[in-house]
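Report on the structure
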Amino acid sequence: GKRKRSNTSVLYDSDESEGSDILVRKVFAKRRCIMDEDDSSEEQQPDKTCPTEDVSTSRKQKLFAKLKELARQSACRRSCSSANYEDSNSEAEVEEEPLCHLPLTPTEGSETDSGSMKDFIVEDDDDNDDNREHVKSENQPQHKQLNTSNSELLAYYIPQLSRCDHYVHFKRIVKALLINAIDDTFLSSLYDGTRQKKYAQDMLLSLHYLDDRFIQPRLENLIARSRWKDRYKERVDCYPVVRIVLKNAKTMSCQACELKRYCKFNVLLSGKLYNSKTLEVDDFMSDDKQVLKVGLVCANRTRVYHNLKHFKYKLYVDCSSVHKMDGVEDEPVKDTVERLFSHLEESGWIQKRYNDLEDYMDDADNFLEEK
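Residues numbered from 1 in each chain as written. Predicted model: local features only at pLDDT ≥ 70, side-chain atom pairs only at ≥ 80, totals over all residues. Heavy atoms only, no water.

Some details on helix α12 (residues 296–309)
One full turn of an α-helix is made of 3.6 residues, so residues set three or four places apart face in the same direction. The condition that has to hold: Every helix listed is a DSSP run of H or I at least four residues long, and every strand listed is a run of E at least two residues long, numbered separately from the N terminus. Expected helix span is computed as 1.5 Å times (number of residues minus one). Type-normalised accessible area, obtained with a 1.4 Å probe on protein chains alone, sets the label of each residue: buried when under 20%, exposed when over 50%, and partly exposed for intermediate values.
The end-to-end C-alpha distance of α12, which contains 14 residues, comes to 20 Å, matching closely the 20 Å that a straight helix rising 1.5 Å per residue would cover. All buried positions along α12 are accounted for by Cys298, Ala299, Arg301, Thr302, Val304, Tyr305, His306, Asn307 and Leu308.

Listed below in structure tokens is the structure:
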């Protein structure tokens with residue numbers, strides 16, 4: 001019994017193995033056991049290298065597959081609406097979060113592999129921003145090219161869509177009227193398509209803009225809100241000169257709306273009939289005049305309507321007067337027009353006529369409905 005206790009103490013405490021073979025074998029076995037318990041990970045690591053690499057490779061492949069799937073889903077979500085994109089983006093972040101924090105083995109944590117995965121995961125949001133900016137950069141020139149290719153057609157057939165400044169349109173109109181004051185066939189050649197140069201097409205566009213955007217919609221609005229008879233409207237349309245005079249008032253049927261009104265205004269219509277596009281004058285019954293007695297509302301409406309209806313013709317008459325007063329002969333048409341136009345612009349004449357047009361449009365827009 002004592003020898004067993006001494007042997008036991010030798011087995012655990014003694015490092016001397018020379019006294020007995022049994023002791024040596026027992027101590028050697030015990031030390032082998034201790035080495036297996038303490039250093040098992042170090043001795044067995046070489047034996048488990050291959051399985052670890054296989055497991056890590058399969059895990060990496062699964063991880064990359066999931067990341068690729070998430071990238072494909074995020075690309076699909078970007079094509080959806082903004083609301084769906086925000087919802088899907090939050091879901092994608094929830095799904096990506098556990099994958100980003102998966103534990104990596106020492107083999108997986110190598111510099112090359114981990115660096116590539118980190119770049120892919122971290123730059124996902126930046127990738128989305130870059131993709132959106134790339135899509136914008138690709139689409140923006142395409143839209144510009146589309147607008148440029150269609151601008152001429154839209155401007156010709158739908159002058160309302162022209163984006164040119166209103167004052168630029170007005171200056172083109174003045175220049176066109178100055179040319180027509182020198183060469184009275186210019187406007188007719190514009191409308192029949194004879195002149196195809198860019199400056200001529202720009203002038204034609206501005207003339208359409210004045211008629212179809214500024215004047216005609218307001219005239220239609222004034223007529224739609226009135227009780228005018230067609231006969232009275234046709235008379236106001238035909239005569240370019242109007243005078244509204246306060247005369248003796250009396251209760252009678254208004255000659256504009258044919259309603260019983262307290263009429264105290266005489267509307268005097270005169271002037272030559274002309275073509276609304278080419279502004280060519282018709283001398284038929286050039287001295288004809290009309291005098292009509294109307295009420296207060298119809299008199300005010302006549303003034304506003306007539307100012308807009310015959311604005312372009314009166315502007316052309318003023319341009320013709322400027323050319324006649326110039327008195328310069330034997331000068332090319334282009335030089336004459338540029339010189340007269342520069343003089344009118346510097347003197348503020350063009351700006352004043354444009355302000356008159358704006359006032360006429362405001363009067364039409366603010367005209368009250370007939371009570």
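Description of the pattern of salt bridges
Threshold: Any Lys or Arg side-chain nitrogen found within 4 Å of a carboxyl oxygen on Asp or Glu counts as a salt bridge.
For the structure shown, the criterion picks out 13 salt bridges. Here Arg339 makes a salt bridge to Glu331, at a shortest N to O gap of 2.8 Å. Among the residues examined, Arg339 registers a relative accessible area of 31% and is labelled partly exposed. Classification of Glu331 as partly exposed rests on a relative accessible area of 27%. Through salt bridges with shared partners, a single network forms among Asp326, Glu331 and Arg339.

Focus: the sheet that holds strand β5 (residues 290–294)
Threshold: Strands are treated as partners if at least two bridges between them are detected by DSSP. Here the axes come from fitting lines to C-alpha atoms, over the contacting stretch only for helices, and the angles between their N-to-C directions go from 0 to 180 degrees. Contacts are assigned to residue pairs with any non-hydrogen atoms lying within 4.5 Å of each other.
Spatial strand order, β1-β2-β5: three strands in an open sheet with antiparallel pairing. Each end of this open sheet is capped by a strand with a single partner; those strands are β1 (241–253) and β5. Looking at each pair of strands side by side, their axes are set apart by 25 degrees on average, direction ignored. For β1 and strand β2 (residues 260–270), the ladder comprises 10 bridges, and the chain directions are antiparallel. Across the sheet, the residue bridging to Val242 is Leu269, located in β2. Across the sheet, helix α11 (residues 230–238) is in contact with β2 and β5; its angle to β5 comes to roughly 130 degrees. The strands touched by α12 within the sheet are β1, β2 and β5, with β1 carrying the most contacts at an inclination of about 165 degrees.

Focus on the nonpolar core
For clarity, the cut-off: What we call a nonpolar core is a set of buried Ala, Val, Leu, Ile, Met, Phe, Trp, Tyr and Cys residues that are connected through their side-chain atoms within 4.5 Å.
In terms of nonpolar packing, the biggest core is built from 59 residues, with Val174 and Val294 touching the most fellow members. It is helix α10 (residues 198–224) that provides the largest number of residues to this core, a total of 10 residues. Once residues within four sequence positions are removed from consideration, Val294 is found in contact with Tyr232, Cys254, Gln255, Ala256, Cys263, Lys264, Phe265, Val267 and Ala299.

A short note on the environment of Asn221
With respect to the secondary-structure elements, Asn221 resides in helix α10. Expressed as a C-alpha distance, the spacing of Asn221 and Tyr305, which sit 84 residues apart in the sequence, is 10.0 Å.

Regarding the confidence of the model for the protein chain
Worth spelling out the cut-off: pLDDT is a per-residue confidence score from the predictor, ranging from 0 to 100.
Taken residue by residue, the protein chain gives an average pLDDT of 74. The fraction at 70 or more is 61%. With pLDDT under 50 throughout, residues 81–127 is counted as low confidence; its partners more than four residues away or in other chains account for 39 contacts. Here residues 133–149 is modelled with pLDDT under 50, and outside its nearest four sequence neighbours on either side it reaches one contact, counting other chains as well.

So, unusual backbone geometry
Unlike most non-glycine residues, Glu258 shows phi in positive territory, near 60 degrees. In this fold, Glu258 is placed in the loop between β1 and β2.

A closer look at the packing of α10 against helix α15 (residues 349–365)
This is how it is decided: When an angle is under 35 degrees it counts as roughly parallel; over 145 it counts as roughly antiparallel; between 65 and 115 it counts as roughly perpendicular; any other value is oblique. For a crossing to be left-handed, the near helix must be turned anticlockwise from the far one by less than a right angle; the clockwise case is right-handed. Lys, Arg, Asp and Glu make up the charged group, whereas Ala, Val, Leu, Ile, Met, Phe, Trp, Tyr, Cys and Pro make up the nonpolar group; the residues left over, Gly among them, are polar.
As a packed pair, α10 and α15 sit with axes 9 Å apart at the nearest point and diverge in direction by 30 degrees. Between α10 and α15, the angle falls in the class roughly parallel. Seen from above, α10 lies across α15 with left-handed handedness. Here Leu210, Phe214, Arg218 and Leu222 of α10 lie close against α15, whose contacting residues are Leu357, Met361, Ala364 and Asp365. Partitioning the contact of α10 with α15 into residue classes produces six nonpolar, no polar and two charged.

Some words on the packing of aromatic side chains
The cut-off we apply is this: Any two rings among Phe, Tyr and Trp, with Trp reduced to its six-membered ring, count as a pair given centres within 6.5 Å; such a pair is stacked if its planes are under 30 degrees apart, edge-to-face if over 60, and tilted if neither.
Scanning the model with the defined rule gives eight aromatic pairs in all. The interplanar angle of 75 degrees and the centroid separation of 5.0 Å between the aromatic rings of Trp228 and Tyr232 together place this pair among those described as edge-to-face. Considered together, Trp228 and Tyr232 belong to a single accessibility category, that of buried residues. A ring pair is formed by Phe311 and Tyr360, whose centres lie 6.1 Å apart and whose planes are at 75 degrees; its orientation type is edge-to-face. Of this pair, Phe311 sits in helix α13 (residues 311–326) while Tyr360 sits in helix α15, placing them 49 residues apart in sequence. Members of the aromatic cluster, connected to one another through ring pairs, are Tyr167, Phe170, Phe311, Tyr354 and Tyr360.

What about the side chain of Ser189?
Counted only if it meets this: Counted as a polar contact is a pair of N or O atoms within 3.5 Å, where, for protein atoms, one must be capable of donating a hydrogen and the other of accepting one, and residues adjacent in sequence contribute only when both atoms are in side chains.
Following the sequence through the fold, Ser189 ends up in helix α9 (residues 186–191). The buried category is assigned to Ser189, whose relative accessible area is 9%. Polar contacts involving the side chain of Ser189 include one to the main-chain carbonyl oxygen of Phe186, which spans 2.6 Å. A distance of 2.7 Å separates polar atoms of two side chains, one belonging to Ser189 and the other to Arg195. If we ignore the near neighbours within four places in the chain, the residues touching Ser189 are Thr194 and Arg195.

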